[in-house]
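# Observations on the three-dimensional arrangement
Chain residues, written in single-letter form:
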Amino acid sequence: MCGIAGIISKNPTMVQQNKLQLMGNALQHRGPDGEGFWINPTHTVGFAHRRLAVIDLSVAAAQPMHYNNRYSIVFNGEIYNYIELKEDLKKKGYQFSTNSDTEVILALYDCYNDECLQYLDGMFALAIWDEQYKELLIARDRFGEKPLYYFFDGEKLLFASEMKALWAAGVPKEINNSMLLNYLGAGFVSNPNNAEATFYNHIKKLPAAHGLCYSTDSNEVFTYQYWQIN
C-alpha cells in the first residue's frame, strides 16, 4: 500500500511544494518507507508519493518516477503480470533500468497510451503526466481495490488516495446531505445512480475500471470506463 496525490493547474501559483508536502503528510501511514515530490518546470503539475517498498526495494524504483524525459508517474498497488508485459515490451525495443512494475507501466503507456490499461492485471491507482502533450491520466483497477478521489473546480484538479489529503490541500469539507440521508435511511454507502458521489459535495470518487483524462490546454476533465465484465 502506497499513497499518491497530485495537483494540476494552468495557473502555476496553484501548484505549490508546501501543499504537496501537506498532502503527503496526510498519507504518511500508507507509505512508511519513504516520500517523494516532483513539480514540472512550468509549475503546472506536482506529484506526491508515500512509498511502501515491495517489489523493487532500491532507490531507483522510488517515485515519482520519470521515463524518456516525458512521462512521470505516481502509482499505488501491484501489477501481477508485469514480468510478462516487460518481456513483450523488450521485444518491441524498450529498455529498463529497474526491476519495478512501475517502470513497466510507464513503458506500456508510451507504447499504447491510455489503451495500456487493458493490459494491466492487478490492483492499482495511478497517475501519469505526459509533459509533451500536457495531459494527465489517472486510473483505477478493474474492481476498485485501490482507492482514488479527486476534486476539480475549473481552475485546478487535485487527486489523492484518501480524502484527508485533499482536505489538507484546502479542499472544502462540506457534507453531501443526500448521501447522508441515503445512509441513515437505507444503509447505502454509495449512490447507485452516481458512482462518483461521496459523502462530501466537492469530492468525487473515480469509479472502478475507470480512467480520467485532463489537459491543461483544454482545461477539461473527461472520465470513461475502460473495462466491464462480460
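That block above? That's the structure.
Presented here is an overview of the structure given in this document. Here the residue numbering is sequential within each chain, running from 1 through the sequence in written order. For this predicted model, a pLDDT threshold of at least 70 governs which residues receive local features, and a threshold of 80 or more governs which side-chain atom pairs are given and counted, while totals over whole chains, interfaces and linings are taken from all residues. Hydrogens are left out, water is left out, and the side-chain values use all remaining heavy atoms of the structure.

### As for helix α3 (residues 101–112)
By the criteria applied, helices consist of DSSP H or I runs no shorter than four residues and strands consist of E runs no shorter than two, each listed in order from the N terminus. Each helix should span, by expectation, one fewer than its residue count multiplied by 1.5 Å. Relative to the 16 Å expected for twelve residues at 1.5 Å per residue, α3 spans 16 Å between its end C-alpha atoms, a close match to the ideal helical length. Three exposure classes are used, based on accessible area relative to the maximum for each residue type with a 1.4 Å probe and protein chains only: buried under 20%, partly exposed in between, and exposed over 50%. When we look at burial in α3, the residues that qualify are Asp101, Thr102, Glu103, Val104, Ile105, Leu106, Ala107, Leu108 and Tyr109. Buried residues along α3 sit in contact with β4 (65–67), β5 (71–79), α2 (82–91), β6 (122–130) and β7 (135–140). Counting of polar contacts relies on pairs of N or O atoms within 3.5 Å, with two restrictions inside protein: one atom must be capable of donating a hydrogen and the other of accepting it, and residues adjacent in sequence are counted only when both atoms are side-chain atoms. Taking the backbone nitrogen of Glu103 as reference, a side-chain oxygen 3.2 Å away marks Ser100 as the first, capping residue of α3. Any two residues having at least one pair of non-hydrogen atoms within 4.5 Å are treated as being in contact.

### Observations regarding the environment of Glu103
Among the secondary structure elements, Glu103 is positioned in helix α3. The buried category is assigned to Glu103, whose relative accessible area is 5%. In this structure, the C-alpha to C-alpha distance between Glu103 and Pro41, residues 62 residues apart in sequence, is 22 Å. With near-sequence residues (within four places) excluded, Glu103 lies in contact with Met65, Tyr67, Gln95, Phe96, Ser97 and Thr98.

### Looking at the sheet that holds strand β8 (residues 149–152)
Note: two strands are recorded as paired if DSSP finds a minimum of 2 bridges between them. Here six strands make up an open sheet; going across it, the order is β2-β3-β1-β9-β8-β10 and the pairing antiparallel. The strands lining the two open edges of the sheet, one partner per strand, are β2 (34–39) and β10 (204–205). Where β2 meets strand β3 (residues 45–51), six bridges bridge the pair, whose relative direction is antiparallel. Bridge assignment links Phe37 to a residue of β3, and that residue is Ala48. Sheet strands in contact with helix α1 (residues 17–26) are β1 (3–9), β2, β3 and β9 (156–160), and its direction is about 150° off that of β2. The axes are straight lines fitted to the C-alpha atoms, using for helices just the contacting stretch, and the angles between their N-to-C directions are given from 0 to 180°.

### Overview of the environment of Lys91
By the secondary structure assignment, Lys91 is in helix α2. The exposure class assigned to Lys91 is exposed, which follows from its relative accessible area of 71%. Taking C-alpha positions, Lys91 is 26 Å from Glu131, a pair spaced 40 residues apart along the chain.

### Quick notes on the pattern of salt bridges
Pairing between side chains becomes possible if they bear opposite charge and their charged atoms approach one another. A pair is scored as a salt bridge if a Lys or Arg side-chain nitrogen falls within 4 Å of a carboxyl oxygen belonging to Asp or Glu. A full pass over the atoms with the stated rule returns seven salt bridges. The salt bridge involving Glu87 is made with Lys90; its shortest N-O contact spans 3.8 Å. One end of the pair is Glu87 and the other is Lys90, both in helix α2 and three residues apart, which spans about a single turn. By relative accessible area, Glu87 is classed as partly exposed at 39%. Looking at Lys90, the relative accessible area reads 42%, which means it is partly exposed. Residues joined by salt bridges that share partners form a network here, namely Arg30, Glu162 and Lys164.

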